[in-house]
Amino acid sequence: MGDDANITFNILVVDDDPDIANAIGIYLTTEGYNCTYANDGIQALAEIEKNEPHLIIMDVMMPKLDGIGATLEIRKSKNIPIIMLSAKTEYTDKILGLNMGADDYITKPFNPLELIARVKSTLRRYTILGNVATDKTNETYTIGDLTLDNTNKTVTVYGTEVHLTSIEYKILLLLIKNLGRTFSIDEIYEKVWNEDSISGGSTVTVHIRRIREKIEINPKEPRYIKVVWGIGYKIEKI
């Protein structure tokens, strides 16, 4: 079911509009996914504790605890992929959601085919990174005091593990596997999201900033992820 015959993916749909939640549920169950539901961020946190899902579709505007607040709480301890869903199309709302730790963002009204495509793409990244499936590629990359263990899917800095989302991990893996090579923003987006980069520049930039906040002592003077002005990003050999 879902993207892998051996895995039944569980998706938590969080939206205070029952009609939208039910419609999303119909689209997802038709594709073979299991769905659970929550009406607000507080219910979502409770559902996650009862049965941690493989993916969350999170509305932004909700009572009690909105999607931004719920995502922030989730990211304190969990790296579950999150797709933000909102009627707002303002650039700042998208950036805020990504800054809080969302993996992707879709605006209402949405095309069901686009929603399903983004769900499949996100789950595919999630599976490849070993959070669900067993990818035991024996690869360890060390640069300075930063180590990425691609066998156990862990990242440590000065011996302390840092927690990256699936997107953050894959960006870091791409750069650290190709030391000294500069990737344009479009290249990073296409390789990590597995889709054409139409307006993904700001998305990549936000994720790079979040990675730096987690692995750099001083994110404003990064030791690892360097910007090549007008071109893109790279990790240099140390």
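Our subject is the structure that appears above.
Residues numbered from 1 in each chain as written. Predicted model: local features only at pLDDT ≥ 70, side-chain atom pairs only at ≥ 80, totals over all residues. Heavy atoms only, no water.

## Describing the pairing of strand β4 (residues 82–86)
Along any regular strand the residues' side chains alternate between the sheet's two faces. Worth spelling out the cut-off: The rule is simple: take the accessible area with a 1.4 Å probe, protein chains only, and divide by the maximum for that residue type; under 20% is buried, over 50% is exposed, in between is partly exposed. We count a stretch as a helix when DSSP gives it H or I for four or more residues in a row; a strand needs E for two or more, and each element gets its number in order from the N terminus. Paired strands, as defined in this entry, are two strands with at least two bridges between them according to DSSP.
Within β4, 5 of the 5 residues are buried, which leaves it mostly tucked inside the rest of the structure. Note that strand β3 (residues 55–59) and β4 share 4 bridges and pair parallel. From the neighbouring strand, I57 faces β4, where its bridge partner is I83. Examined bridge by bridge, β4 and strand β5 (residues 104–107) share 4 bridges and lie parallel to one another. Counted as the bridge partner of M84 is Y105 from β5.

## Here we look at the pairing of strand β7 (residues 146–149)
The pairing of strand β6 (residues 140–143) with β7 spans 4 bridges and is antiparallel. Each residue of the ladder has a partner; that of Y141, found in β7, is L148. Remark: 2 residues form the turn of the hairpin made by β6 and β7, two consecutive strands paired antiparallel; G144 in that turn has positive phi of roughly 60°. Across 4 bridges, β7 lies against strand β8 (residues 154–157) in antiparallel orientation. Bridge pairing links L148 to V155 in β8.

## Some details on the nonpolar core
Put simply, the test is: Side-chain atoms within 4.5 Å link the members of a nonpolar core, which is a set of buried Ala, Val, Leu, Ile, Met, Phe, Trp, Tyr and Cys residues. Should any heavy atoms of two residues lie within 4.5 Å, those residues are counted as being in contact.
With 29 residues, the main nonpolar core has L146, I171, L172, I215 and I225 as its most contacted residues. Elements with a contribution of two residues or more to this core: β6, β7, β8, α6 (166–177), α7 (185–193), α8 (201–215) and β12 (232–235). Of the residues forming this core, the biggest block, 8 residues, is contributed by α6. Apart from the residues within four sequence positions on either side, L146 is in contact with Y141, V155, T156, V157, L172, I176, I215 and Y224. Counting 20 residues, the second-largest nonpolar core is a separate cluster that includes I24, L55, I57 and L85.

## A word on the sheet that holds β5
For clarity, the threshold we go by: To get an axis, fit a line to the C-alpha atoms, keeping to the stretch in contact for a helix; angles then go from 0 to 180 degrees between the N-to-C directions.
If you walk across this open sheet you meet the 5 strands as β2-β1-β3-β4-β5, and the pairing is parallel. Looking along the sheet, the strands with just one partner apiece sit at the ends: β2 (34–38) and β5. Mean inter-strand twist for the sheet, computed between neighbouring axes without regard to direction, equals 20°. Sheet analysis places strand β1 (residues 10–14) next to β2, joined by 5 bridges and oriented parallel. Within β2, the residue paired with N10 across the bridge is N34. Those strands touched by helix α1 (residues 18–30) are β1, β2, β3 and β4, and its axis lies near 165° from that of β2. Across the sheet, helix α2 (residues 41–50) lies against β1, β2 and β3, angled at about 140° from β2, the strand it touches most.

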